[in-house]
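Reading the structure
Chain residues, written in single-letter form:
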Amino acid sequence: MCATAVCAGLAAWTAVQRDPAPRRARVLFVDAAPQPNRLGAYCSAMPLFFRGRREWLCAPAAVLLAVLGDSVLPLVAGAVAVPLVRRWLRVRSRQRERERAADGVMALCGAVVGELRAGREPGQALLVAARDSAEALGGAEAAVLAAARFGGDVPGALRRAADVPGREGLAGVAACWRVAVDGGAGLAAGLDRLEGALRADRRRREELRAQLAGAWSTVVVLALLPVAGLGLGAALGADPLRVLLHSPAGLACLAAGGLLETAGLVWARRIVRAGEAG
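Residues numbered from 1 in each chain as written. Predicted model: local features only at pLDDT ≥ 70, side-chain atom pairs only at ≥ 80, totals over all residues. Heavy atoms only, no water.

1. Describing the overall build of the protein chain
Regarding its fold elements, the protein chain presents 13 helices and zero strands. The proportion of buried residues among the 278 residues of the protein chain is 26%. Long-range pairs, those at least 24 residues apart, make up 56% of the contacts in the protein chain between residues at least 6 apart in sequence. Total accessible area computed for the protein chain in this model is approximately 18300 Å², and 64% of it derives from carbon and sulfur atoms. (Helix = DSSP H or I, 4+ residues; strand = E, 2+ residues; numbered from the N terminus. Buried < 20%, exposed > 50% of the residue type's maximum accessible area, 1.4 Å probe, protein only. Contact = heavy atoms within 4.5 Å. Areas by Shrake-Rupley, 256 points an atom, 1.4 Å probe, with all protein chains shown as cover.)

See the structure below:
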C-alpha cells in the first residue's frame, strides 16, 4: 500500500512537471486540433488549488494515515490541524510583510537622502524616492504623495502611515521632516542618521534570530522524534498504528503523547519568544 501511494504521487508529480513546450508546438505548427488530456489537466489544476491553501496539504496526509491505520482518528486530527496550520501560515505571512515593510522604510530613507543631496526639494525627493520604495508606504502611499505634491501635512500623513506594523520607522521620518521644516535643520542628515539606526536595529534582530536558530532546530527535532519512532516501529514489524488506534492502552498512550507533545511545543515556543523579546 505504501509503494502504491508513493508510485501514485510520483506519477502525479511527473504529470504536473511535464514540459508543455511540445504541446504548444503542436498547437502552433500542426493543423490538427490537440486531443484533450483530462488527467493532465486535473493534475495541473491540483497545484493551483493548493497555491495559497497550503494548510489543506494536511488532508492527504490524514487520509493516508487513516487508510494505513484503518481508523477515522487521523481524519479528525487532520480536520483539527487545518485551521491551526492556517493560523500559523498567516502569522508567518504577517511577519514577512512586516520585514518587507521595514526594509522598504530603510530604502525610502536612503533614496530620499540621495535625492536631497542631488539638489531636489524635500517634496520632490519624496515623490521620486517613493517610486522605488512602494513597500515603505503601503496603503498610505496616495495620501503621503498627495501631501508632498500639493504642500499638505507630510509629517501627519507619515505618522498615520507609521501605525501599520513594520512601518514604525516612518514616525522617525515624520519627526525629521517636522524638525527640518520648523527648525531649519538638515533633513538629509537626520534621515541619514535614522537610516543608520534602522539598519542597526535590523542587524541586531538578525543576529538574535541566528542565535536562536539552534534552539528552533532542537525544538523541531524533538517534535519529530515521535514520528521517527512510529516509522522505526513499522520498520521492525510492530505495526504501531494499529496498536495506537485500535487498543485502549494505545489510545491512552496516544492521548497522553499528544498532550505532552503540545505542552512541550508551547513551552519551547514561549522560551524562544522570551529570548526574541529580550
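2. A closer look at the packing of helix α6 (residues 122-132) against helix α8 (residues 141-150)
The interhelical angle for the contact between α6 and α8, taken along N-to-C directions, is 150 degrees, at an axis separation of 8 Å. It follows that α6 is roughly antiparallel to α8 by the angle criterion. The two elements α6 and α8 cross, and the hand of that crossing is left-handed. Between α6, through Gly123, Leu126, Leu127 and Ala130, and α8, the contact on the second element is made entirely by Glu141, Val144, Leu145, Ala148 and Arg149. Considering only residue class, the contact of α6 with α8 consists of six nonpolar, one polar and two charged. (Axes fitted to C-alpha atoms, helices over the stretch in contact; angles between N-to-C directions. Parallel < 35°, antiparallel > 145°, perpendicular 65-115°, else oblique. Left-handed = near helix turned anticlockwise from the far one by under 90°. Nonpolar A, V, L, I, M, F, W, Y, C, P; charged D, E, K, R; others polar.)

3. Side note on a positive patch on the surface
Residues Arg87, Arg90, Arg94, Arg98 and Arg269 make up a contiguous surface patch of positive charge. The biggest single contributor to the positive patch is helix α5 (residues 73-117), with four residues. Within the fold, Arg94 resides in helix α5. A residue is classified by how much of its surface remains accessible, and Arg94, at 43% relative accessible area, is partly exposed. (Patch = residues over 30% accessible without salt bridge, like charges linked within 9 Å, V, L, I, M, F, W, Y side chains within 5 Å. Salt bridge = Lys/Arg side-chain N within 4 Å of Asp/Glu carboxyl O. Lys, Arg positive; Asp, Glu negative; His and termini not counted. Charge placed at Lys NZ, Arg CZ, Asp CG, Glu CD.)

4. With respect to helix α9 (residues 154-161)
By the criterion of burial, α9 is predominantly enclosed, with six of the eight residues buried. Among the residues of α9, those classed as buried are Val154, Pro155, Gly156, Ala157, Leu158 and Ala161. The opening residue of α9, the one whose side-chain oxygen lies 3.2 Å from the backbone nitrogen of Gly156, is Asp153. (Polar contact = N/O pair within 3.5 Å; in protein donor to acceptor, adjacent residues only side chain to side chain.)

5. Side note on the pattern of salt bridges
The full count for this structure, using the stated rule, is ten salt bridges. Between Glu115 and Arg120 there is a salt bridge whose closest N-O contact spans 2.7 Å. In the salt-bridge network here, residues are joined through shared partners; they are Asp103, Arg202 and Glu206.

6. Focus: the nonpolar core
In terms of nonpolar packing, the biggest core is built from 32 residues, with Leu108, Val112, Leu126, Leu137, Leu158, Leu170 and Leu191 touching the most fellow members. Counting residues per element, the ones that place at least two in this core are α5, α6, α7 (134-137), α8, α9, α10 (169-183) and α11 (187-235). Beyond its immediate stretch of four places on either side in the chain, Leu126 contacts Leu108, Val112, Val144, Leu145, Ala148, Val154 and Trp177. (Core = buried A, V, L, I, M, F, W, Y, C linked by side-chain atoms within 4.5 Å.)

7. With respect to the environment of Gly257
With respect to the secondary-structure elements, Gly257 resides in helix α13 (residues 248-277). Between the alpha carbons of Gly257 and Pro226 there is a distance of 8.6 Å; along the sequence they are 31 residues apart.

8. A closer look at unusual backbone geometry
Positive phi outside glycine occurs at Asp239, with the angle close to 55 degrees. Residue placement: Asp239 occurs in the loop between α11 and α12 (240-245). The exposure class of Asp239 is partly exposed, given its relative accessible area of 36%.

9. Examining the side chain of Ser71
Mapped onto the elements of the fold, Ser71 is located in the loop between α4 (58-69) and α5. One polar contact links the side chain of Ser71 to the main-chain amide nitrogen of Leu73, over a distance of 3.2 Å. Once residues within four sequence positions are removed from consideration, Ser71 is found in contact with Ala66, Leu245 and His246.

10. Examining the side chain of Arg202
Secondary-structure assignment places Arg202 in helix α11. Judged by its relative accessible area of 14%, Arg202 is buried. What Arg202 contacts, discounting residues up to four positions off in sequence, is Glu99, Asp103 and Met106.

11. A few points about the confidence of the model for the protein chain
Per-residue confidence for the protein chain averages 77 on the pLDDT scale, and 78% of its residues sit at or above 70. Across residues 15-20, confidence stays below pLDDT 50; counting only partners more than four residues off in sequence or on other chains, it has six contacts. Ignoring residues within four places in sequence, the model shows residues 30-46, a span with pLDDT below 50, making eight contacts including any to other chains. (pLDDT = per-residue confidence, 0-100.)

12. A look at a nonpolar patch on the surface
A cluster of nonpolar side chains, namely Val63, Val67, Val72 and Leu75, defines an oily patch on the protein surface of about 330 Å² accessible area. Along the chain, the position of Val67 falls in helix α4.

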